[in-house]
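# Tertiary structure, described
This is what each chain is made of:
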Amino acid sequence: MGQSPSQEHWAQRTHEELTQELNLADQQGDIRYLKEDTIARFLEIPDILGASPVIFHMVSYLGAFPFLQEAPVVLELAQLIMVVVIMTERYKRVLAKGSTDRTKLLFKSLAVYDRKVMDAEHAPREAASDGANAQPDTSFKGFAVDQPGLGDENEEDEEDDDDDLVITAFELLDINEAVKRGEAATIHEAIIPTDNFRKLIMLLLLIAPLDPQESLSQYSNRVAGRELEALRATAECILASFVNVETSPGIGYTRFKTVVPILFPNLFSGFNGLFEHFLFSKDLDFSKHKIEKPDELQHVSKVAQPLLPTTGEILNEHTLSQLSLFLPGSSLFRRVRLLYSGNDAGFSMGSFESKIFNWRAPTILLVSGARLADTPDGGQEAAFAASLPTKRFPHGSKSERVTFGVYVREPWKHTHRECFGDSETVLFQLEPIHDVFTASTINTDYVTFTKPPGNRPCLSFGCPHPKPTQSHRKEGLHALGAVSLLFDESFEFGVFNHDYKSRGGAFHTSIVRKYDFQDRFRIESLEVWGCGGDEEAKAQAERWAWEEREAEARRKINLGTGDIDADRALLEMAGLIGGNRSGGSMA
């Protein structure tokens, strides 16, 4: 939703009228406030996710802005308005640095103060100090993330950033006198607990497609049975980008602010639709009725349109939400359709070409399979291994399953001499770890699709275009790009290569896995989804129909006599029927 209608919605009401409209609050004396279960019921956050305490922790912190030292706060009307402003990205007049400041705010609203981390970090410094008192201020009463403490040499700008954030807020909110600089709150000792962030990720995947007028209960089928397990599995792949769950208790700010802009620029976009319910809901009075059961929730909500017209072997609603964390959600939800599936149309370059080359809008290719062992098993695996460079990096993970994908904005075509694609082409991995490899603007070897004659068969991303071959010469090895994905011509095997030391080629290296790795895998599922609307689908259908008519015309023999006996004689002369052959009945 745009900013103007929402601003008018608030501006046309007095403080008393807003208080009356927001009649969802509990009351103690003259104070009306929101409790955790009230917010959870109003936003319809499923209990099974366990995310309600995490959300309440966030809003209790954000409601204190710009007086963050007072967090957590009681959520009265003024605090609720501040929460909605920040959560729905209506913060341009409040936060000077826009999304950067919002990212920091959201981190701090999720984080807790980890005393063990602080003690381990500062024990050597305290031992080396000359009796200086370096203990944090125990009188602090806000959230532990803002506990004053020692500075961090690796983040010298953090204290200034915190002060700038608060001072800017004071100025832009027309507060005449900013508070004097005291002990700046440190952020390097704070972490987001891994389990809390896991719960939040599951909620963010669930709300990713949510519009302001939609009820979250419409997607209740995504948090039940096998769908819930699939949601958890998707969340684990995303969580793996932030933290090693086996060794780390949580996510630090440095990791958080590094990963989010590149791998998950739309991670918190779902908050827009969720928290705009406070602006657009017609019934905010929870004092009259209390909805507790999911079955009761469903009857008050309209039925949601399917996010996918059909579920693929790889792409489901949770994977679609995962894609929306770094691709535009406006071109994904209810806007994609299956163009090609290897298990339906056949694993071949010919069937691949016939299904997707007429689509005149962006496409998403997804491939999933089982990782190959270091030693080839059988002749086909050995032949594939022999077609690759002998230098091989270690596996990218311990998982036996991998899923990769590519977002291609340009229509597909044959590449006779050079690759196609543009700087918005995105190479990514979805399983077992979410990773995104953005395109370079210098090296343009984005997509290669070649077929004989003239070139060896090849479908690759990020690899140099193959040189023309000559029939009397033996074809050489496939040339792998620094960060690349390549399939053999039969679509039976694939390889993803990540040469970190090379610092990338057509695609940039990973920001979370700063090492060399290579995954060779047997392709089990390969599908291509078209992004677009009815016009693109109609154009593709018309092109398919024309090609089918042309192919049918080429298959027919134009006998032109209208005489069955004469036509039969002509076919016998051609040796197609007669003798020991049978051409079937012509009657």
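Each chain has its residues counted from 1, running along the sequence as written. The predicted origin of the model limits local features to residues at a pLDDT of at least 70 and limits the giving and counting of side-chain atom pairs to 80 or more, whereas totals for whole chains, interfaces and linings rest on all residues. With hydrogens and water excluded, all non-hydrogen atoms of the structure serve as input to the side-chain values.

### Examining the packing of aromatic side chains
The relative placement of two aromatic rings is captured by the distance of their centres and the angle of their planes. For the record, the criterion: Geometry of aromatic contacts follows a simple scheme: Phe, Tyr and Trp rings, the Trp one being its six-membered ring, pair when their centres are within 6.5 Å, and the pair is stacked under 30 degrees between planes, edge-to-face over 60, tilted otherwise. Strands here mean DSSP runs of E at least two residues long; helices mean DSSP runs of H or I at least four residues long; both are numbered from the N terminus. Burial classes: relative accessible area under 20% of the type maximum marks a residue as buried, over 50% as exposed, and values in between as partly exposed (1.4 Å probe, protein chains only).
Across all of its chains, the model carries 28 aromatic pairs by this definition. A ring pair is formed by Tyr340 and Phe352, whose centres lie 5.2 Å apart and whose planes are at 70°; its orientation type is edge-to-face. Of this pair, Tyr340 sits in strand β6 (residues 336-341) while Phe352 sits in helix α17 (residues 349-356), and the two are 12 residues apart along the sequence. The residues Tyr340 and Phe352 share a single accessibility class, namely buried. The rings of Phe42, Phe107, Phe197, Phe242, Tyr253, Phe256, Phe264, Phe268, Phe271, Phe275 and Phe278 are connected pair by pair, giving a single aromatic cluster.

### Brief notes about the confidence of the model for the chain
Condition: A residue's pLDDT is the confidence the predictor assigns to it, expressed on a 0 to 100 scale. The contact criterion used throughout is that any non-hydrogen atoms of two residues lie within 4.5 Å.
Across the chain, pLDDT averages 77, with 65% of residues at or above 70. Overall, residues 1-11 carries pLDDT values under 50, and its contacts beyond four positions in sequence, including any with other chains, amount to 14 contacts. Here residues 283-302 is a poorly scored stretch, pLDDT under 50, and it has 30 contacts once near neighbours within four places are set aside; other chains count.

### Notes on unusual backbone geometry
A cis amide bond links Ala71 to the next residue, Pro72, at an omega of 0°. You will see that Arg334, though not glycine, has its phi angle at about 60°, which is positive.

### Overview of the nonpolar core
Under the convention used in this document: What is meant by a nonpolar core is a set of buried Ala, Val, Leu, Ile, Met, Phe, Trp, Tyr and Cys residues, joined one to another through side-chain atoms within 4.5 Å.
One finds Phe197, Leu200, Phe242, Phe271, Phe275 and Phe428 to be the most contacted residues of the largest nonpolar core, which totals 91 residues. The dominant element in this core, judged by the number of residues it contributes, is helix α9 (residues 194-207), at nine residues. With residues near it in sequence (within four places) discarded, Phe428 still touches Leu323, Phe326, Ile364, Leu365, Leu366, Phe404, Gly405, Val406, Tyr407, Asp435, Val436 and Phe437. Counting residues in each nonpolar core, the second largest holds 36 residues, with Val402, Phe491, Phe496 and Leu526 among its members.

### A closer look at the sheet that holds strand β3 (residues 112-113)
Filter applied, for reference: For two strands to be treated as a pair, DSSP must find at least two bridges joining them.
With antiparallel pairing, three strands are arranged side by side in an open sheet as β3-β4-β5. Edge strands, defined here as strands with exactly one partner in the open sheet, are β3 and β5 (250-252). Summarising the sheet, β3 and strand β4 (residues 190-193) pair through two bridges and their orientation is antiparallel. Pairing of Tyr113 across the sheet is with Ala190, part of β4.

### Quick notes on helix α10 (residues 225-242)
Think of an α-helix as turning once every 3.6 residues; residues three or four places apart then point the same way. Put simply, the rule reads: Multiplying 1.5 Å by the helix residue count minus one yields the expected span of that helix.
For α10, spanning 18 residues, the distance from its first C-alpha to its last is 27 Å, which sits close to the expected 26 Å at 1.5 Å a residue. Along α10, the residues that are buried comprise Leu228, Leu231, Thr234, Ala235, Cys237, Ile238, Leu239, Ser241 and Phe242. Residues of α10 that are buried in the fold lie against α9, β5, α11 (253-263), α15 (317-324) and β9 (426-431).

### What to know about the environment of Ser348
With respect to the helices and strands, Ser348 occurs in the loop between α16 (342-345) and α17. As a C-alpha pair, Ser348 and Asp488 span 140 residues in sequence and 9.7 Å in three-dimensional space. Among all residues touching Ser348, those that are not within four sequence positions of it are Tyr340 and Phe491.

### Digging into the pairing of strand β8 (residues 401-408)
With seven of its eight residues buried, β8 lies for the most part within the structure. Note: strand β7 (residues 363-371) against β8, eight bridges, orientation antiparallel. Following the sheet pairing, Ile364 is matched in β8 by Tyr407. Note: β8 against β9, five bridges, orientation antiparallel. Bridge pairing in β9 links Thr403 to Glu431.

### A few points about the pattern of salt bridges
We apply this condition: A pairing counts as a salt bridge when a side-chain nitrogen of Lys or Arg comes within 4 Å of a carboxyl oxygen of Asp or Glu.
For the coordinates displayed, the defined rule picks out 15 salt bridges. In this structure, the salt-bridge partner of Glu353 is Lys451, at a minimum N-O distance of 3.0 Å. With Glu353 in helix α17 and Lys451 in the loop between β11 (447-450) and β12 (458-461), this residue pair connects regions lying 98 residues apart in the sequence. With a closest N to O distance of 3.3 Å, Glu492 and Arg522 form a salt bridge.

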